[in-house]
Structure formats: C-alpha cells, structure tokens
Amino acid sequence: MMTIGEVAAAADLPTKTVRYYADIGLVTPGGRSEAGYRLYGADELARLVFVRRARSFGFSVDACRDLLGLYGDRARSSRDVKALALERLAEIDARMAELEALRAELARLATACQGDDRPDCPILETLAT
C-alpha cells in the first residue's frame, strides 16, 4: 500500500488532485492506516493513471467516471466506449472550429491595423464595440 503522496508521484498527479478524486468518489483509497491516512494499492494506482490519461484527452470528470465504469465492466460493449470517444471528438472539432474562426477574425483585425504612430486602431475599436 502507498500513501497519497507516493501514489500521486507514481501516477504523475498532484496530491491535491488525488485527494479531490477520492473526495468525489472517482478513485477511492483502498484503505486507511491506523492513523487514518489514505492508502492506495496497485488497483487504485492503475485507476489514477487511467483517469490522468483520460483527462489528458479532455474528458470531463463525469466522462472519466463513465469510462472507469466501462473499464471495470468485462461485459461492456465497445460500442459504449466508442460513443464516449466520438462525443469527445465532436466537442474537440467544435472547439477547433471556434478557434479557427477566432483566429481568422483576429488575423483580419491585425492586418487592418496600421501598427504605426497613429492612435486609431481597428483592433481596439472592435474590442470596444
């Protein structure tokens, strides 16, 4: 069994994050020491690494909870896992489209600005309206 600091280091997560995951019931400690400290085993470490990786793909905590449920369910359908992945992919695509539009507008404004000693600036004018 590992202390919260040890499991956090092994999972490459901040201790505060591991504590938060325990508090919300996402990855609970495997037990407690006689002094009441949280203790984690290999299974909990694997779940923490799983969540860290899922979060790196931008999955929400709730989606991570769903993914962990599917991960632990040997009778699961891969269709359910794929549906979660495709949902996240659609969110990423939507965000990319927003960012591309934002980039195009900012590039247009930067091109319209003379960038000289004059005080007029289309960038500031757009931000002010």
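Scroll up a little and you will see the structure.
These numbers were taken from a predicted model, which means no experiment stands behind them.

Draft legend 1. Seen up close, the packing of helix α4 (residues 61–72) against helix α5 (residues 78–112). One can describe the packing of α4 onto α5 by two numbers: an axis separation of 10 Å at closest approach and a directional angle of 160°. Comparing the axis directions of α4 and α5 gives the class roughly antiparallel. The interaxial crossing formed by α4 with α5 has left-handed handedness. Counted together, D66, L67 and L70 of α4 and D80, V81 and L84 of α5 form the full contact between these two elements. Grouping the constituent residues of the contact of α4 with α5 by class yields four nonpolar, no polar and two charged.

Draft legend 2. Main features of the pattern of salt bridges. For the structure on display, the rule yields six salt bridges. Note that D23 and R38 form a salt bridge whose closest N and O atoms lie 3.3 Å from each other. Of this pair, D23 sits in helix α2 (residues 15–23) while R38 sits in strand β3 (residues 38–40), placing them 15 residues apart in sequence. On the basis of relative accessibility, which here comes to 54%, the residue D23 falls in the exposed class. In this structure, E105 and R108 form a salt bridge, with 2.7 Å as the shortest nitrogen-oxygen distance. In this pair, E105 and R108 are both assigned in helix α5, three residues apart and thus about one turn of the helix distant. Because the salt bridges share partners, they merge into one network encompassing D116, R118 and D120.

Cut-off values and rules
- Residues numbered from 1 in each chain as written.
- Predicted model: local features only at pLDDT ≥ 70, side-chain atom pairs only at ≥ 80, totals over all residues.
- Heavy atoms only, no water.
- Axes fitted to C-alpha atoms, helices over the stretch in contact; angles between N-to-C directions.
- Helix = DSSP H or I, 4+ residues; strand = E, 2+ residues; numbered from the N terminus.
- Parallel < 35°, antiparallel > 145°, perpendicular 65-115°, else oblique.
- Left-handed = near helix turned anticlockwise from the far one by under 90°.
- Contact = heavy atoms within 4.5 Å.
- Nonpolar A, V, L, I, M, F, W, Y, C, P; charged D, E, K, R; others polar.
- Salt bridge = Lys/Arg side-chain N within 4 Å of Asp/Glu carboxyl O.
- Buried < 20%, exposed > 50% of the residue type's maximum accessible area, 1.4 Å probe, protein only.

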